[in-house]
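So the chains spell out like this:
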Amino acid sequence: MAHAQKVHLVGGPLILAYMDKSGKITVDQVASGFGMSKTQLAETAGLARETLYRLERSRGTKTQNRLREMLEIISLVTEWAGGKEQAMAWYRAQPLPAFGGRTAEALVKDGKAAAVRDYLDHMALGGFA
């Protein structure tokens, strides 16, 4: 339970906007909130397309964790990026020098969301890339 509380605090209101009453991220809301199809969202999150079209799979632990990681990182950069759409564009396209020019999207797909969050925390505290 402590982890769930931490996630809500880290993700802030952005991630909460996409959760249903049971605390699950709603795929349809995320896709429409970012102007994407489910297929585009699956690609962005590094998931198989079918995963987001099947309710039981979209509510599974792996899928929910990947979507949560993506939304947490986007939430962290939303303010300085100028909005959630710009934050999504940054997430998908901005090369990160500290990671050999890989994007946050590529890193999350490879299971390195924690490293991206640590990097963003470091930058927020005035660190250098």
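Note that the coordinates shown come from a computational prediction; the quantities given were computed from them, not determined experimentally. Here the residue index of a chain counts from 1 through its sequence in written order. Local features are withheld for residues below a pLDDT of 70 in this predicted model, meaning they are given only at 70 or higher, and side-chain atom pairs are given and counted only at 80 or more; totals for whole chains, interfaces and linings count all residues. Side-chain calculation: all heavy atoms of the structure are included, whereas hydrogens and water are not.

With respect to the overall build of the chain
Next, step 1: Helix and strand counts for the chain stand at nine helices and zero strands.
Next, step 2: By definition, any uninterrupted DSSP run of H or I lasting at least four residues is a helix, any uninterrupted run of E lasting at least two residues is a strand, and each is numbered from the N terminus. Counting from the amino terminus, helix and strand elements in the chain follow one another as α-α-α-α-α-α-α-α-α.
Next, step 3: Residue burial is assigned from relative accessible area. The probe radius is 1.4 Å, only protein chains are included, and a residue is buried under 20% of its type maximum, exposed over 50%, and partly exposed in between. Across the 129 residues of the chain, 40% fall into the buried class.
Next, step 4: Any two residues having at least one pair of non-hydrogen atoms within 4.5 Å are treated as being in contact. A separation of at least 24 residues holds for 44% of the contacts in the chain among residues at least 6 apart in sequence.

Considering the packing of helix α3 (residues 38–45) against helix α6 (residues 61–81)
Next, step 1: To get an axis, fit a line to the C-alpha atoms, keeping to the stretch in contact for a helix; angles then go from 0 to 180 degrees between the N-to-C directions. It is the contact of α3 with α6, at a shortest axis distance of 10 Å, that shows an interaxial angle of 80°. Accordingly, the angle class assigned to the pair α3 and α6 is roughly perpendicular. Within the contact between the two elements, α3 uses L41, T44 and A45 and α6 uses R66, L67 and M70.
Next, step 2: For this classification, Asp, Glu, Lys and Arg are treated as charged, while Ala, Val, Leu, Ile, Met, Phe, Trp, Tyr, Cys and Pro are nonpolar and the rest, including Gly, are polar. In terms of residue class, the contact of α3 with α6 is made up of four nonpolar, one polar and one charged. Working definition: roughly parallel below 35 degrees, roughly antiparallel above 145 degrees, roughly perpendicular at 65 to 115 degrees, and oblique for all remaining angles.

Points about the packing of aromatic side chains
Next, step 1: To pair, rings of Phe, Tyr and Trp, with the six-membered ring standing in for Trp, must have centres within 6.5 Å; the planes then decide the type, stacked if under 30 degrees apart, edge-to-face if over 60, and tilted in the middle. Using the criterion set out here, one finds three aromatic pairs in the structure.
Next, step 2: Relative to W90, the ring of W80 has its centre 5.8 Å away and its plane inclined at 85°; by these criteria the two rings are edge-to-face. Taken together, the residues span a long stretch of sequence, with W80 in helix α6 and W90 in helix α7 (residues 84–93) at a distance of ten residues.
Next, step 3: For W80, a relative accessible area of 54% gives the class exposed.
Next, step 4: A residue is classified by how much of its surface remains accessible, and W90, at 11% relative accessible area, is buried.
Next, step 5: Seen in terms of ring centroids, F99 and Y119 are 5.5 Å apart; in terms of plane orientation they differ by 70°. Their pairing is edge-to-face. Taken together, the positions of F99 in the loop between α7 and α8 (104–109) and Y119 in helix α9 (residues 113–124) put the pair 20 residues apart, joining distant regions of the chain.
Next, step 6: Only when the NZ of Lys or the CZ of Arg is both within 6 Å of the ring centre and within 35 degrees of the ring normal is a charge said to sit over the ring. Over the ring of Y53 we find R49, and its NZ or CZ is 5.0 Å from the ring centre.
Next, step 7: Over the aromatic face of F34 sits the side chain of K84, whose NZ or CZ is 4.7 Å from the ring centroid.

As for α6
Next, step 1: What a helix should span is 1.5 Å times the count of its residues minus one. Given a rise of 1.5 Å per residue, 21 residues ought to cover 30 Å, and the 29 Å separating the end C-alpha atoms of α6 matches this to within 8%.
Next, step 2: A positive phi of about 105° marks G82, the residue just after α6.

Function cannot be read off these values alone, since they describe shape.
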